[in-house]
Amino acid sequence: MWQKFKALFRKTRSIFIITPSVAIVVLVGQGLGLFNLAEWATQNQFFRWRSTQKLAPEVVIVTIDEQDIQFVGKWPVSDQSLAQLLKKIRVQQPRAIGLDIYRDLPEGAGKEELVQVFRSTPNLFGVEKITGERVKPPPELKKREQVGLADLVLDSDFHVRRALLTAVDEEEDTLKAGLGTIVALKYLEKEGITLESIDPQRQEFRLGKQVYLPLQNLEAGYRDKDLGGYQILLNWYGSEKAFVKVKMRDVLQGNIPKDIMRDRMVFIGSTAASTNDFFSSPFSSSWLSERNQTPGVVIHANIALQLIHGARTGTANLKGFSGIDFLVWIVLWSAIGSVGTWFLSANCNQKFLIGGNILWATVGISIVFLGGNYWSFLHGLLVPVTPTLIAFIGSTIATTNAYKQQKLEETNSQLEIANTKLLDYSKTLETKVEKRTHELLKAKQAAEIANQAKSDFLANMSHELRTPLNGIIGYAQVLERSPSIKDKNREGVNIIHQCGSHLLMLINDILDLSKIEAGKLELFPSKIHLPGFLNGVTEMCRIRAQQKGISFDVILDRNLPTGVNADEKRLRQVLINLIGNAIKFTDNGGVIFKVDTIETITSKTLLTANQDIENRDTTNPLPTCNVRFQIEDTGVGMSPEQLEKIFQPFEQVGDIGKRPDGTGLGLTISQRITTLMGSQIKVQSRCGEGSIFSLDLTMSIVNDWNTQEVVSQQKIIGIRGIPPQILIVDDDNHHCYMLSNLLQSIGFRILEAGDGLQGLKLAIENQPDVILLDLVMPNMDGFELMVKLHENPQTNSIPIIVSSAKVFEAERQKSLEAGAKSFLPKPLQVEDLLNALRTLLQLEWIYEESKSAKLSSTETQNSTAESQLILPSQDILQKLYHLAMMGDIPTIEEILKDVTNQSTEFIVFTKQIGEFASNFQTRKIRNFLEQFVLKDSPQ
């Protein structure tokens, strides 16, 4: 038997270590107050769950809100108004009246009348404050011992959870009762219930059927230092919604039921926000949101109601665990967690529930515990929740880990055997890995060869396509500049130029395919003239629509900005792809292209949205606009299955007869570009009805477009000063002829060379101002020529512009390193070439016409200067500050009126104070005046 016990103890020794260890940790945490906030939050939730909508029949609260203060004209309420209020209440014959308003000094007229009311009302009780900043009681009520304490006991989170029944006034060395206590005792006198002493040593008292003991050390988590006076746990009846309330103005005007206060307790107190008589309670906050705080008069009503219910039923009090009870309770739940976990781990090997049996058993027991805890709360016992759950769950986790650790030790021997087998296998694995590595190396080399072949193919294809395209785009640009061409023909040439540019863009997209695959596609935003950009896109697409015999309508929002910042090339690529697809798959009806401004955010709006941020950047952010591009067609449409595949590479979901027109990459690339722009292409479609493609782009607005771009939009017809000489070195006669015509029409002097040797000779003989150089030429290529030119002292200072159909980044970088000042890809764009020449040669152009380019540099100052704040004299400031301290709003308004009549220069000052006064915001008045009132002035 002993051996079996020893074996069991050895097997379960972890339980005997974990149970006391967890319990000690929890007890220490409780002693340090680590669980107080969570425990108090749970209690608050219990009170909110228990709160009822039933109004307490024993209590009526007379509230004084902001409208009441406005009704009587001042705060504190004048003695005359208060006397009239008490007379009205006294007529209703309540059992007791609690006046939760400080009245140690006379206020306004009616002092004698109020004193007479105090003398003639034996069931009226005033308040005083003995903790913190003392406030004396009404002198007449103090003589008659009709004064209660307004002091409340706050927890460390500033919530009221305890009731202070009595306290010793150390200054007067007397025992004083709280307002709620003294009002409740007066109320119970009519029922023949009085306070009886049972055990003076233990401070045990009986009031009716309820026995009272003050809170003891460690009870409900409170220590001796927190338990001054005679305190009990406050068993809240409810918030102010649980009590019958009447407004002071209604009482004064007689607008209340005749017997609403008869045989009840009446509490009078402020609920106005400006009086700041509010406290945190279980009903002023929740786990999810903040609520309104509870007025002090409602707290006194709850205390009095608890005493009355206790006297009648004997079950109104709350009781917490004492120190010994708490110790036993925590050890018990720690043992439940450890023993139960060990049992489930040892006997339930199969998991019947997701997450494990132990997890769900822990969750279930915790839920049952919380339910039982709430049931105990409803019956007057506060069971600690947070420490108990921590002890239970902590011991469960620790025991689970200990059991697993024990099982781990038992499997170590089996792991050693497995390690031996694994070591043997690793010897053969090295051979397998070496073989596989060799295979991967071969595959890598093959992939590199294939990738290089692809790059060579793309480079050669790009060069062969760019060479004829250079002539198309180049001569289109020359014809556009010809003065003899008619406007109608010029429009056709312009379309040829744009179509050629689009073809060039498609060639560039082929080169970008490798970038897309590698995730290196980038955007290069630039300033775009949006109306001109959209016109170019739509004219290119309109031709295809006319060829198909369908309509193509363009609807542009009038509020579109003139200039924006965006990647012109990529945006054009996306729009042409979407519009082109719509035209291709539409045989009847037409296509509608809409561009709308969804939202415009100006710099002023951005500044306003951030005006409360201190030390913000004072530079105005750029204004932005959100533009929606929408393409709607009446084409074949798509099914839901097709919609899921349209953005996949090489997927074509249209009619088989139309698929050869594309590669299946257009939408894939467009979606990738749109993603880089911070948006997504959205699709709505139905088979046989058509499709709607749309995308929303946020772009910054270029407000000064006209001043920045007016020059670049004018036609260049000449050069100011001596015309520079340009040497063109290119083996393509068509390219040389096109460049010569273009540059000579502007005024440049031109030299031509067909290869590098001839170009070197002409450069040495003529010393041109700049050289336009191709890279691929017979006899001597462009790189070798650049080396020769830099070696020769006569030509090493001549700037070189490289123009080549080899547009890979490596060629560009190699050209710049060889000495080129600029690199322009073929086909050449006239604007890019002229900008490069202007920069290198510091040229000044002559334009075809001189439109009004002067923009007004100054604007009329329409805004008026901000009015200055001028203050009245210090006497007036001091008087206003004192009246704000007293809450005398009518007098403040009279003084402001007099100040305004004296001089209009004070209107800014009086307007500001007047706004605060009209809303009874006396605190804001004081805060505003404190910055102007002299510190050494009498208050």
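Note that this is a predicted model, so its numbers are computed, not measured. (Residues numbered from 1 in each chain as written. Predicted model: local features only at pLDDT ≥ 70, side-chain atom pairs only at ≥ 80, totals over all residues. Heavy atoms only, no water.)

K.L.:
Help me understand the overall build of the protein, please; the structure alone is not making it clear to me.
P.N.:
In terms of helices and strands, the protein carries 29 helices and 30 strands. The contacts of the protein with a sequence gap of at least 6 include a subset with a gap of at least 24, amounting to 74%. Here the protein displays about 51,500 Å² of accessible surface, and carbon together with sulfur accounts for 54% of that area. (Helix = DSSP H or I, 4+ residues; strand = E, 2+ residues; numbered from the N terminus. Contact = heavy atoms within 4.5 Å. Areas by Shrake-Rupley, 256 points an atom, 1.4 Å probe, with all protein chains shown as cover.)

K.L.:
Where do I start with a nonpolar patch on the surface in this structure?
P.N.:
A cluster of nonpolar side chains, contributed by Ile24, Val28, Leu32 and Leu34, occupies part of the molecular surface with about 430 Å² of accessible area. The residue Ile24 is located in helix α2 (residues 13-31) in this model. Classification of Ile24 as exposed rests on a relative accessible area of 52%. (Patch = residues over 30% accessible without salt bridge, like charges linked within 9 Å, V, L, I, M, F, W, Y side chains within 5 Å. Salt bridge = Lys/Arg side-chain N within 4 Å of Asp/Glu carboxyl O. Buried < 20%, exposed > 50% of the residue type's maximum accessible area, 1.4 Å probe, protein only.)

K.L.:
Could you clarify how one ought to interpret the nonpolar core in this entry?
P.N.:
Note on soluble globular proteins: their nonpolar side chains tend to be buried together. Membership of the largest hydrophobic core comes to 54 residues, with the highest contact counts inside it found for Val62, Leu85, Ile89, Met261, Ile268, Ile892 and Leu929. Per-element tally for this core: the top contributor is helix α26 (residues 874-886), with six residues. Split by domain, the residues of this core number at least three in each of domain 2 (53-320) and domain 5 (869-938). For Ile268, the residues in contact, after removing those within four places along its chain, are Val62, Ile64, Leu85, Leu86, Ile89, Ile97, Gly98, Leu99, Asp100, Ile101 and Val297. Among the nonpolar cores identified, the runner-up in size contains 52 residues, and Ile61, Val127, Leu215 and Phe283 belong to it. (Core = buried A, V, L, I, M, F, W, Y, C linked by side-chain atoms within 4.5 Å. Domains from an automatic or database assignment.)

K.L.:
What's the story with the sheet that holds strand β26 (residues 749-753) in this structure? I'm lost.
P.N.:
Sheet strands pair via backbone hydrogen bonds, and the direction of the pair is either parallel or antiparallel. Across the sheet, five strands lie side by side as β26-β25-β27-β28-β29; this open sheet has parallel pairing. Looking at which strands have only one partner, the edges of the open sheet turn out to be β26 and β29 (822-825). With strand direction ignored, the average angle separating the axes of adjacent strands in the sheet is 20 degrees. (Pairing = 2+ DSSP bridges. Axes fitted to C-alpha atoms, helices over the stretch in contact; angles between N-to-C directions.)

K.L.:
Looking at this structure, how should I read unusual backbone geometry?
P.N.:
One can expect most non-glycine residues to show negative phi and most peptide bonds to be in trans. Pro76 follows Trp75 through a cis peptide bond whose omega is 0 degrees. Here Pro76 shows up in the loop between α4 (66-72) and α5 (79-91). One non-glycine residue with positive phi stands out, namely Gln203, at about 55 degrees. In this fold, Gln203 is placed in the loop between β7 (195-199) and β8 (204-207). Exposure remark for Gln203: the relative accessible area of 39% places this residue in the partly exposed category.

K.L.:
Is there a simple way to explain the UniProt feature "transmembrane region" (unreviewed entry) in the protein in this structure?
P.N.:
The UniProt record marks residues 12-35, 326-345, 352-371 and 377-398 with the feature "transmembrane region" (unreviewed entry), using the residue numbering of this structure. Split by type, residues 12-35 is 79% helix and 0% strand. Its first and last C-alpha atoms lie 30 Å apart. The annotated region residues 326-345 carries 100% helix and 0% strand content, and the separation between its end C-alpha atoms amounts to 29 Å. (UniProt positions renumbered as here; feature names shortened; annotations may be inferred.)

K.L.:
Before we go on, may I ask you to explain the pattern of salt bridges in this structure?
P.N.:
Side chains carrying opposite charge are able to pair once their charged atoms draw close together. The final tally for this structure, using the stated rule, is 30 salt bridges. Across the salt bridge formed by Asp169 and Lys176, the nearest N and O atoms sit 2.8 Å from each other. Taken as a pair, Asp169 and Lys176 share a single burial class, namely buried. Through salt bridges with shared partners, one network takes in Glu128, Arg134, Lys142, Asp169, Glu171, Glu172 and Lys176.

K.L.:
Would you mind going over the packing of α5 against helix α6 (residues 111-119) with me for this structure?
P.N.:
Axes are the key here: two packed helices are described by the angle between their axes and the distance separating the axes. Running from amino to carboxyl end, α5 crosses α6 at an angle of 30 degrees, the nearest separation of the two axes being 8 Å. By the criterion of interaxial angle, the relationship of α5 to α6 is roughly parallel. By crossing handedness, the relation of α5 to α6 is classed as left-handed. Facing Asp79, Gln80, Leu82, Ala83, Gln84, Leu86, Lys87 and Arg90 of α5, the residues of α6 in contact are Lys111, Glu113, Leu114, Val117 and Phe118. Partitioning the contact of α5 with α6 into residue classes produces six nonpolar, two polar and five charged. (Parallel < 35°, antiparallel > 145°, perpendicular 65-115°, else oblique. Left-handed = near helix turned anticlockwise from the far one by under 90°. Nonpolar A, V, L, I, M, F, W, Y, C, P; charged D, E, K, R; others polar.)

K.L.:
I keep staring at the sheet that holds strand β9 (residues 210-212) and nothing clicks. Help me out?
P.N.:
Taken together, three strands build an open sheet; the order of strands is β7-β8-β9 and the sheet is antiparallel. Looking at the sheet topology across the chains shown, the edges are occupied by β7 and β9. Pairs of neighbouring strands in the sheet enclose a mean axial angle of 30 degrees, with direction left out of account. With four bridges connecting them, β7 and β8 associate as antiparallel partners. Across the sheet, Asp199 pairs through a bridge with Glu204, a residue of β8. Sitting on the sheet, helix α10 (residues 296-313) is in contact with β8 and β9, with an inclination near 125 degrees to β9.

K.L.:
I would appreciate a short explanation of the environment of Ala242 in the present structure.
P.N.:
Topologically, Ala242 is positioned in the loop between β10 (230-233) and β11 (243-247). Note: C-alpha distance between Ala242 and Val298 (56 residues apart in sequence) is 9.5 Å.

K.L.:
Could you clarify how one ought to interpret the packing of aromatic side chains in this entry?
P.N.:
Each aromatic ring pair is summarised here by two numbers: the centre-to-centre distance and the angle between the ring planes. Counted by the stated rule, this structure contains 19 aromatic pairs. Ring geometry for Trp236 and Phe283: centres 5.8 Å apart, planes at 75 degrees, overall edge-to-face. Taken together, the residues Trp236 in the loop between β10 and β11 and Phe283 in the loop between β13 (278-279) and β14 (294-295) connect sequence positions 47 residues apart. Residues Trp236 and Phe283 agree in their burial class; the two are buried. Here the aromatic cluster, defined as three or more aromatic residues joined through ring pairs, consists of Phe46, Phe47, Trp49, Tyr374 and Phe377. We note Arg95 situated over the ring of Tyr187; from NZ or CZ to the ring centre the distance is 4.3 Å. In this structure, Lys814 is placed above the aromatic ring of Phe783, and the distance from its NZ or CZ to the ring centre is 4.5 Å. (Phe/Tyr/Trp six-rings, centres within 6.5 Å; stacked < 30°, edge-to-face > 60°. Lys NZ or Arg CZ within 6 Å of the ring centre and 35° of its normal.)

K.L.:
Would you mind showing me how to read a positive patch on the surface here?
P.N.:
Taken together, Lys241, Lys245, Lys247 and Arg291 make up a surface patch of like positive charges. Relative to the helices and strands, Lys247 is located in strand β11. Judged by its relative accessible area of 33%, Lys247 falls in the partly exposed class. (Lys, Arg positive; Asp, Glu negative; His and termini not counted. Charge placed at Lys NZ, Arg CZ, Asp CG, Glu CD.)

K.L.:
I'm lost on the pairing of β10 in this one. Help?
P.N.:
Along any regular strand, the residues point their side chains to alternate faces of the sheet. On β10, burial covers both faces: Tyr230 and Ile232 on one face and Gln231 and Leu233 on the other are all buried. Summarising the sheet, strand β5 (residues 162-169) and β10 pair through four bridges and their orientation is antiparallel. Bridged to Ala163 within β10 is Ile232.

K.L.:
Looking at this structure, how should I read helix α12 (residues 357-378)?
P.N.:
Residues separated by three or four positions in an α-helix point in the same direction, a consequence of the helix having 3.6 residues per turn. Here α12 contains 22 residues, and its C-alpha end-to-end distance of 32 Å stays within 8% of the 32 Å for a straight helix at 1.5 Å per residue. Buried within α12 are the following residues: Asn357, Ile358, Thr362, Ser366, Phe369, Asn373, Tyr374, Ser376 and Phe377. Looking one or two places after α12, you find Gly380, whose phi comes out positive at around 95 degrees. (Expected span 1.5 Å × (residues − 1).)

K.L.:
Whenever I open this one, the side chain of Lys74 confuses me. Can you help?
P.N.:
For Lys74, the location among the structural elements is in the loop between α4 and α5. One polar contact links Lys74 to Glu107, side chain to side chain, over a distance of 3.2 Å. Not counting chain neighbours up to four residues away, the residues in contact with Lys74 comprise Ile69, Glu107 and Gly887. (Polar contact = N/O pair within 3.5 Å; in protein donor to acceptor, adjacent residues only side chain to side chain.)

K.L.:
Would you mind going over α10 with me for this structure?
P.N.:
Taking 1.5 Å per residue as the helical rise, α10 with its 18 residues ought to reach 26 Å, and the 26 Å between its terminal C-alpha atoms agrees with that figure. Taking burial as the measure, the 18 residues of α10 include 15 buried ones, the bulk of the element.

K.L.:
Whenever I open this one, the confidence of the model for the protein confuses me. Can you help?
P.N.:
Low-pLDDT stretches of the model should not have their predicted coordinates read in fine detail. Chain-level pLDDT for the protein is 83 on average; 83% of the residues reach the 70-or-more range. A low-confidence stretch, residues 604-619 stays under pLDDT 50, and its non-local contacts, those more than four residues away or across chains, total seven contacts. Taken together, the stretch residues 706-713 has pLDDT below 50 and engages in 10 contacts with residues farther than four places along the chain or on a different chain. (pLDDT = per-residue confidence, 0-100.)

K.L.:
Honestly, the packing of helix α15 (residues 530-548) against helix α16 (residues 568-584) in this entry has me stumped. Any pointers?
P.N.:
Where α15 meets α16, the axes come as close as 10 Å, and the angle between the chain directions of the two elements is 20 degrees. With respect to their mutual orientation, α15 and α16 come out roughly parallel. Judged by the twist between their axes, the crossing of α15 over α16 is right-handed. Judged by residue contacts, Phe533, Leu534, Val537, Met540, Cys541, Arg544, Ala545 and Lys548 of α15 engage Glu568, Leu571, Arg572, Leu575, Ile576, Ile579, Gly580, Ile583 and Lys584 from α16.

K.L.:
What is the right way to read the environment of Gly914 from this model?
P.N.:
Secondary-structure assignment places Gly914 in helix α28 (residues 907-918). Residue class for Gly914 comes out partly exposed when judged on its relative accessible area of 25%. Considered as a pair, Gly914 and Ile892 are 22 residues apart in the sequence and their alpha carbons are 8.4 Å apart.

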